[in-house]
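As a plain string of letters, each chain reads:
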Amino acid sequence: LRHPPFPAKAMYRYLRTISQAVGWSAALLLILAAVLARSLGPLAGQPASHLHARYWGNYLHLEQKIFEEMCWEHAQAFARRSVGQFFTSGQSSAAWKGGDWG
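Quick look at the structure, then. None of the values given here were measured: they were computed from a predicted structure.

## Quick look at the overall build of the chain
Piece 1. Summing up its helical and strand segments, the chain has 3 helices and 0 strands in all.
Piece 2. Reading the chain from its N end, one meets helices and strands in the order α-α-α.
Piece 3. Taken over 102 residues, the chain has a buried fraction of 2%.
Piece 4. Approximately 9,800 Å² of the chain is accessible, and the part contributed by carbon and sulfur atoms is 68%.

Here's what the structure looks like:
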C-alpha cells in the first residue's frame, strides 16, 4: 500500500481552512455589496424620486381641484332641491299667511 503524500489529518485541516476562508470571503463580499448598494442607491435614484415627487404634487393639486368642484356641484344640487321642496311643499304659502315674514 502506498501512503498518501499528506497525512489525512493534515489534509482535513487544510481543506477546512480553505473552505472557511472561502466562506468568510463570500460573506464579506456580500456585506460589502450590500453596503455599497445601500449607500449608492439613493444617489442613482434621485432623478426618479424627483419625478415621483413632482407627479404626486400634480396629482394632489388636481385631486383638490376636482374635490372642490364636486363639493360646489353637490352644494348647488342640494340647494336647488331644498328650494324646490320649499316651494312645492306648501311651506311658502303658510309662511306668507302666518306672518313669518315680518
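## Comments concerning a nonpolar patch on the surface
Piece 1. The grouping of Phe6, Met11, Tyr14, Leu15, Ile18 and Val22 at the surface amounts to a nonpolar patch, some 610 Å² of accessible area in total.
Piece 2. A residue is classified by how much of its surface remains accessible, and Ile18, at 40% relative accessible area, is partly exposed.

## Some thoughts on helix 1 (residues 8-44)
A turn of α-helix holds 3.6 residues, and therefore any two residues three or four places apart point the same way.
Piece 1. If you check helix 1, its first and last C-alpha atoms are 52 Å apart, about what 37 residues at 1.5 Å a residue would give, namely 54 Å.
Piece 2. At Arg38, helix 1 shows its maximal kink, close to 30°; a proline, Pro42, follows between one and four residues later.

## Some details on the packing of aromatic side chains
Piece 1. Evaluated as defined, the whole model comprises 3 aromatic pairs.
Piece 2. A centroid spacing of 5.2 Å and a plane angle of 85° characterise the contact between Trp56 and Tyr59, whose relative ring orientation is edge-to-face. Of this pair, Trp56 and Tyr59 both sit in helix 2 (residues 46-88), 3 residues apart, which is roughly one turn of that helix.
Piece 3. An angle of 80° between the planes, with centres 5.2 Å apart, marks the rings of Phe86 and Phe87 as edge-to-face.
Piece 4. Looking at Phe87, the relative accessible area reads 56%, which means it is exposed.
Piece 5. Through pairs of rings, three or more aromatic residues link up here, namely Tyr55, Trp56 and Tyr59.

Calculation notes
Residues numbered from 1 in each chain as written. Predicted model: local features only at pLDDT ≥ 70, side-chain atom pairs only at ≥ 80, totals over all residues. Heavy atoms only, no water. Helix = DSSP H or I, 4+ residues; strand = E, 2+ residues; numbered from the N terminus. Buried < 20%, exposed > 50% of the residue type's maximum accessible area, 1.4 Å probe, protein only. Areas by Shrake-Rupley, 256 points an atom, 1.4 Å probe, with all protein chains shown as cover. Patch = residues over 30% accessible without salt bridge, like charges linked within 9 Å, V, L, I, M, F, W, Y side chains within 5 Å. Salt bridge = Lys/Arg side-chain N within 4 Å of Asp/Glu carboxyl O. Expected span 1.5 Å × (residues − 1). Bend = angle between axes of the 7 residues up to and from the residue. Phe/Tyr/Trp six-rings, centres within 6.5 Å; stacked < 30°, edge-to-face > 60°.

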